[in-house]
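Residue-level structure breakdown
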Amino acid sequence: MSGELSLPIRLLGLLSYGGIRSTSDLAKRLGVSEAMVGMMAEDLTRRGYLQALGGGDCSTGCGGCAVVSQCKLPGAEDRLPLLALTEKGKLVAASSA
Amino acid sequence: MTQPLRQPVTPTRPLPRPNLRLVQPACHDAGPGALPHPEALTFALVGQPNVGKSTVFNMLTGLNQHVGNWPGKTVEQKTGTFRFDGAAANLVDLPGTYSLTANSEEERIARDYLISQRPDVAIAVVNAAALERSLYLVAELLALDTPLVIGLNMSDVAAQHGIHVEPHVLEAALGVPVVPLVAARNEGIRDLVAAAFKLAYDPAAFRPNRPVIRPEHQPVLEQLVEMMGGCACDRYAADWSAMKLLEGDAEVTAQVKGSVAPELWNEIHKVLLQHEDAYLDIAGGRYEWIGRMVRAAVTQPRAGAVTLTDRIDRVATHPVFGLGLLLAIFGLAFALTYAVATPLAEWLSEVVLGGLAGLAATLLAGAPAWVSGLVIDGFIGGAGTVLTFLPILAIFFALLGALEDVGYLARGAYVMDRFMHLMGLHGKSFLPLFLGFGCNVPAVMGARILEERRARFLTILLAPLVPCTARLAVLAFLTPAFFGSRAALVTLGLVALNLVVLAVAGIVVNKVAFKGEQTAFIMELPLYHAPNLRTVGLYVWNNTSSFLKKAGTFILLSSAVVWALSNLPGGNPETSILAMFGKALEPLGALMGLDDWRMIVALLSSFFAKENTIATLGVLFGAPEAGASLATQVSAVMVPAASVAFLAAAMLFIPCLATVATIKQETNWKWMWISVGLLLAISLGAGVVIYQGLRLIGVGV
Ligand SMILES: Nc1nc2c(ncn2[C@@H]2O[C@H](COP(=O)(O)OP(=O)(O)OP(=O)(O)O)[C@@H](O)[C@H]2O)c(=O)[nH]1
Ligand SMILES: [Mg+2]
């Protein structure tokens, strides 16, 4: 199978056209588990191929706001943040698609 | 075909122990202090944080342990001894690590220890319930030369999740001894130790099935080895260093850089730059290897939950049905909130507040008029009325928290994006916006991915239009004050309207600024599961308690201020300062049906806090009496069409301070004011359009 691209490259390739992809959908397309997609996505983020959006934490800077705790919905913190391709990731994605 | 990353020089001979000259740890004393039995075998426990390493360590060493720090580090070091079948052994409990990339202090300690102190056998404790993650570390451990045995821990937790790992199959696939454990119950630890001793006595028997590196990278690895190989270091160490260099490992890079001539380093650096993406293949080799192991040894991971989630998502994430479902669920949530809480709120208002007002009137009969006015109309009428809406907020937050905890809310943004795609809009700007479903702040920050300034600023301008949870709460809170029992339908209509406004604005921005440029996103949609009462309860408690705190302080104060402004000078509200101010704005208010100056003042007071709207209404309409809830009093001065306009304006009014501050931080003062001005215009404009539109078609007038 030396001709086939490696898993992380194929994952980036699946992101080469626009839109939102769920980890479960990506897992099905790659033939791996969703946990594996999550792991690879975190790894690619650390390596600068993907970037996390927002950070999901709006509790900073809204001290006086009465609804500040609503920003932190239960369970949201142990989930993967929303990720998007970086310029570096786009280059790989484009060349593998 | 692909080649193993490293093959034993000759399969029958024990592996040569590496002399890792190139990768010596920075200081040599990174190992534990003198071991109690220097002549005995030494085993090291490695594994991720929280997998049960220390549990195994404590079971084996009992009281024979020494706890200190790793030399020069703040990380705890545990060493000890134990006896097994008459033989003594040292045991080291290494810090928990996810990989051996030397990203953290813990990872560096564990890696340095394994490389420089070379335990006889490394005992990897892995988590059967999250085998893939654990195996990544195993893949890296196999790249070192230490013989390895695996303790498959947390088998009980795995079984609870329906994950079944077959230890014998895993052992055969890995070529590494695998011993099932439940460390917390001392099950399997003896077998694990037996396997470790066996391997220590016969290291030649260690023939693991290692991850492979792609053949196309072999030449560059050879080249790097060659370049570094000016030194007579051994082949194995050079291979490992070359791979780590190619992976971009910071520590190894620094060490190689420091140990070769500058000209040579420039050459090496050039080669590395040419193969910048080699990491993807090296890690890919590990992931593929993990996939093979897991496919072989794990049966039916979470089959039940997976198929249920799949089945629900066929509808819930469908671009059209999903959007319908989203609206239906919100409609239902509001309906339920009002059905349960509105009677409670009315009871609180009429019986409790009314009684309180009556009591205060009797008690303060002898006091000056302004004191009873301030207490009855100001405090009870203002802050007290706000408090009667507490049941509504509590139930709304309970439902919202449950929806999130069940795993549904994450689908909201997903569905909106898919819907946009269905309409042929693959816009780059939508997703940061839809992030705002939880909160507008991440939506504003999410716009960072847009490189072009104009596109970024336009997206930031739109972000506050997203109905965040706070806005929904405000809506849940205000609507029943105007519509009583019909609140659910009105609320849903307003949410739908808001989504339409957002979609239209998104389309415009997409056309103006993006010209179809696209980006893809990865989003995790969690498995659906039953809500956890504790989590949801905590969420409700946090929100209601902060609401109570605010009502007791800020709202109380503003109620007093509103009361004072509406009674000065002279004590007649109709000629007060506030009335004069409100009446001056009546021409604008009239456009959206607000003929009563009190409504205009209430709308503007939400600038400080959304709850102020209700407090102001409460003060200006006086303390509640039996049979006259705020809703009935308000509907007496305002037609329904004007009420809808009022609510739409209140909902779209300037966002919370945190969002405004983030907008300032992500743009500049000028754009922040543009944003505030724009939202003011949009909210008042929406009010006017809605009122005039409804009047035109003759609804609610
Ligand atoms: N259910 C279950 N719990 C376990 C098992 N083994 C250990 N635990 C529990 O898991 C928790 C973590 O165990 P530790 O031994 O402290 O984990 P560790 O690997 O030393 O963690 P770090 O030192 O943080 O890296 C403890 O509460 C243990 O009681 C097991 O097989 N099943
Ligand atoms: Mg520990």
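Residues numbered from 1 in each chain as written. Chains lettered and ligands numbered in written order. Predicted model: local features only at pLDDT ≥ 70, side-chain atom pairs only at ≥ 80, totals over all residues. Heavy atoms only, no water.

1. Regarding the overall build of chain B
Within chain B, the regular secondary structure consists of 30 helices and 12 strands. Burial analysis of chain B (701 residues in total) assigns 56% to the buried set. The long-range share in chain B, meaning contacts at least 24 apart out of those at least 6 apart in sequence, stands at 76%. Summed over its atoms, the accessible surface of chain B is roughly 28900 Å², and 64% of this surface lies on carbon and sulfur atoms. (Helix = DSSP H or I, 4+ residues; strand = E, 2+ residues; numbered from the N terminus. Buried < 20%, exposed > 50% of the residue type's maximum accessible area, 1.4 Å probe, protein only. Contact = heavy atoms within 4.5 Å. Areas by Shrake-Rupley, 256 points an atom, 1.4 Å probe, with all protein chains shown as cover.)

2. Digging into the sheet that holds strand β2 (residues 50-52) of chain A
Here we have 4 strands laid out as an open sheet, ordered β1(A)-β12(B)-β3(A)-β2(A), and mixed in their pairing. Since the sheet does not close on itself, it has two edges, and those belong to β1 (19-22) and β2 of chain A, each with one partner. Strand-to-strand twist of the sheet, defined as the mean angle between neighbouring strand axes without regard to direction, takes the value 30 degrees. By the bridge criterion, 4 bridges tie β1 of chain A to strand β12 (residues 520-523) of chain B in an arrangement that is parallel. Directly across from Gly19 of chain A, in β12 of chain B, lies its bridge partner Ala520 of chain B. The strands touched by helix α2 (residues 23-30) of chain A within the sheet are β1 of chain A together with β12 of chain B, with β1 of chain A carrying the most contacts at an inclination of about 75 degrees. (Pairing = 2+ DSSP bridges. Axes fitted to C-alpha atoms, helices over the stretch in contact; angles between N-to-C directions.)

3. Re the packing of aromatic side chains
Two measures describe an aromatic ring pair: the distance that separates the ring centres and the angle between the ring planes. Residue and element names in this part refer to chain B. All told, the structure shown has 14 aromatic pairs over all chains when counted by the stated rule. Between Phe43 and Phe197, the ring centres sit 5.1 Å apart and the planes meet at 85 degrees, which makes this aromatic pair edge-to-face. Here Phe197 lies in helix α6 (residues 189-201) and Phe43 lies in strand β2 (residues 41-47), a separation of 154 residues in the sequence. Relative accessible area serves as the criterion here: at 5%, Phe197 is assigned to the buried category. Summarising the aromatic geometry, the rings of Phe197 and Tyr201 are spaced 5.9 Å apart at their centres and angled 45 degrees between planes, so their arrangement reads as tilted. Taken as a pair, Phe197 and Tyr201 lie in helix α6 at a separation of 4 residues, close to a single helical turn. (Phe/Tyr/Trp six-rings, centres within 6.5 Å; stacked < 30°, edge-to-face > 60°.)

4. Focus on helix α11 (residues 278-297) of chain B
With 20 residues, α11 of chain B should reach 28 Å at 1.5 Å per residue; the first-to-last C-alpha distance of 29 Å fits that figure. The element α11 of chain B is largely enclosed, with a buried count of 16 among its 20 residues. (Expected span 1.5 Å × (residues − 1).)

5. Describing the site of ligand 1
Residues and elements named next belong to chain B. Around ligand 1 there are 16 residues in total, and Asn50, Lys53, Ser54, Thr55 and Asn153 lie nearest to it. Take Met154: an N or O atom from its main chain is 3.3 Å from an oxygen atom of ligand 1. Taking Ala184, its main chain carries an N or O atom lying 3.5 Å from a nitrogen atom of ligand 1. When ligand 1 is considered free in solution it has 660 Å² of accessible area, and contact with the protein chains removes 66% of it. Where the shell around ligand 1 is concerned, the elements lending two or more residues are α1 (53-61) and α4 (155-160). Residues belonging to the shell around ligand 1 are distributed by class as follows: 7 nonpolar, 7 polar and 2 charged. (Near = heavy atom within 4 Å. Polar contact = N/O pair within 3.5 Å; in protein donor to acceptor, adjacent residues only side chain to side chain. Nonpolar A, V, L, I, M, F, W, Y, C, P; charged D, E, K, R; others polar.)

6. As for the side chain of Ser675 of chain B
Residue and element names in this part refer to chain B. Within the secondary structure layout, Ser675 lies in helix α30 (residues 669-697). Overall, the relative accessible area of 3% leaves Ser675 in the buried class. Once you skip the residues sitting within four places of it in the chain, Ser675 turns out to touch Leu461 and Ile663.

7. Comments concerning the pattern of salt bridges
Residues and elements named next belong to chain B. A complete count under the given rule lists 20 salt bridges over all chains for this structure. Across the pair Glu140 and Lys244 runs a salt bridge whose closest N-O atoms are separated by 3.0 Å. Of the two residues, Glu140 is situated in helix α3 (residues 131-143) and Lys244 in helix α8 (residues 235-247); the sequence distance between them amounts to 104 residues. Of the two residues, Glu140 and Lys244, both sit in the buried class. One salt bridge in this structure joins Lys270 and Glu267, with 3.9 Å as the shortest N-O distance. Pair noted here: Lys270 and Glu267 are both in helix α10 (residues 262-274), with a separation of 3 residues, about one helical turn. Relative accessible area serves as the criterion here: at 40%, Glu267 is assigned to the partly exposed category. (Salt bridge = Lys/Arg side-chain N within 4 Å of Asp/Glu carboxyl O.)

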